[in-house]
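A closer look at the structure
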Amino acid sequence: MDHLHTTTQGKKLKSKVLMFTDCGSPADCDDSQLSTIVRGLKTLDAEIKVIGPSICLDDDEEGDGGVAAASSAPMAKAKTRTQIEGEAVLKNMLQRVGGDSL
């Protein structure tokens, strides 16, 4: 984050941050750490996109944390608990920074 900020500071650039993930690793991130990340991303004033799992950013009506169910894709493998938790963290971050999931 610091490197991106210092190398783009004072320059007229449209910043984009693309995050590639399968959410296969534990998202060991408490709310304080997530707030620090969100603050850093907002400081960059960058367009944030997550490429990987399907994350529904609409209001959660089905009680799944806004994570698209594996059954929504034909022949999809069921998501692990780690993936579901990671997607929930990403959803929270994207909502706070105004990002998007592809």
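As shown above, the structure is provided for reference.
Residues numbered from 1 in each chain as written. Predicted model: local features only at pLDDT ≥ 70, side-chain atom pairs only at ≥ 80, totals over all residues. Heavy atoms only, no water.

Notes on the overall build of the chain
Secondary structure assignment for the chain yields three helices and three strands. From first element to last, N terminus to C terminus, the chain shows the α and β order α-β-α-β-α-β. Every one of the 102 residues in the chain was classed for burial, and the buried ones make up 25%. Considering only contacts in the chain between residues 6 or more positions apart, those separated by 24 or more positions represent 82%. (Helix = DSSP H or I, 4+ residues; strand = E, 2+ residues; numbered from the N terminus. Buried < 20%, exposed > 50% of the residue type's maximum accessible area, 1.4 Å probe, protein only. Contact = heavy atoms within 4.5 Å.)

Comments concerning the pattern of salt bridges
All told, the structure shown has four salt bridges when counted by the stated rule. Among the ionic pairs, lysine 49 bridges to aspartate 100, the shortest N-O distance being 3.7 Å. Taken together, the residues span a long stretch of sequence, with lysine 49 in strand β2 (residues 47-51) and aspartate 100 in strand β3 (residues 100-101) at a distance of 51 residues. Put simply, lysine 79 and glutamate 87 hold a salt bridge, and the shortest N to O gap is 3.1 Å. Residue classification places lysine 79 among the partly exposed residues on the basis of a relative accessible area of 25%. (Salt bridge = Lys/Arg side-chain N within 4 Å of Asp/Glu carboxyl O.)

Let's talk about helix α3 (residues 81-97)
Here α3 contains 17 residues, and its C-alpha end-to-end distance of 25 Å stays within 8% of the 24 Å for a straight helix at 1.5 Å per residue. Each element contacted by the buried residues of α3 is listed here: β1 (16-20), α2 (31-44), β2 and β3. Taken from the residues just after α3, glycine 98 is the one with a positive phi, measuring 75°. (Expected span 1.5 Å × (residues − 1).)

Some thoughts on the pairing of β1
Direction of pairing for β1 relative to β2: parallel, over a ladder of five bridges. Counted as the bridge partner of leucine 18 is lysine 49 from β2. Handedness of the β-α-β unit built from β1, α2 and β2 comes out right-handed. (Pairing = 2+ DSSP bridges. Right-handed = clockwise from strand over helix to strand, strands pointing away.)

Looking at α2
Compared with the 20 Å implied by 1.5 Å per residue over 14 residues, the 20 Å span of α2 between its first and last C-alpha is a close match. Measuring from the side-chain oxygen of the N-cap residue of α2 to the backbone nitrogen of serine 32 gives 3.1 Å; that N-cap residue is aspartate 30. Positive phi shows up at aspartate 45, right after α2, with a value of about 55°. (Polar contact = N/O pair within 3.5 Å; in protein donor to acceptor, adjacent residues only side chain to side chain.)

Examining the sheet that holds β3
Sheet strands pair by backbone hydrogen bonding; their relative direction is either parallel or antiparallel. Taken together, the three strands give an open sheet; going across it, the order is β1-β2-β3, and neighbouring strands pair in parallel fashion. Where the open sheet ends on each side, the last strands, each with one partner, are β1 and β3. Its contacts with the sheet put α3 on β1, β2 and β3, and the angle it makes with β2 is roughly 160°. (Axes fitted to C-alpha atoms, helices over the stretch in contact; angles between N-to-C directions.)

Overview of the nonpolar core
Judged by nonpolar contacts, the single largest core of 14 residues is most densely connected at Leu41, Ile48, Leu90 and Met93. Only α2, β2 and α3 provide two or more residues apiece to this core. (Core = buried A, V, L, I, M, F, W, Y, C linked by side-chain atoms within 4.5 Å.)

As for the environment of lysine 14
Looking at the element boundaries, lysine 14 is found in the loop between α1 (2-8) and β1. For lysine 14, a relative accessible area of 61% corresponds to the exposed category. Taking the C-alpha atoms as reference, lysine 14 lies 9.7 Å from leucine 44; in sequence the two are 30 residues apart.

Geometric descriptors of this kind do not, in isolation, establish any biological role.
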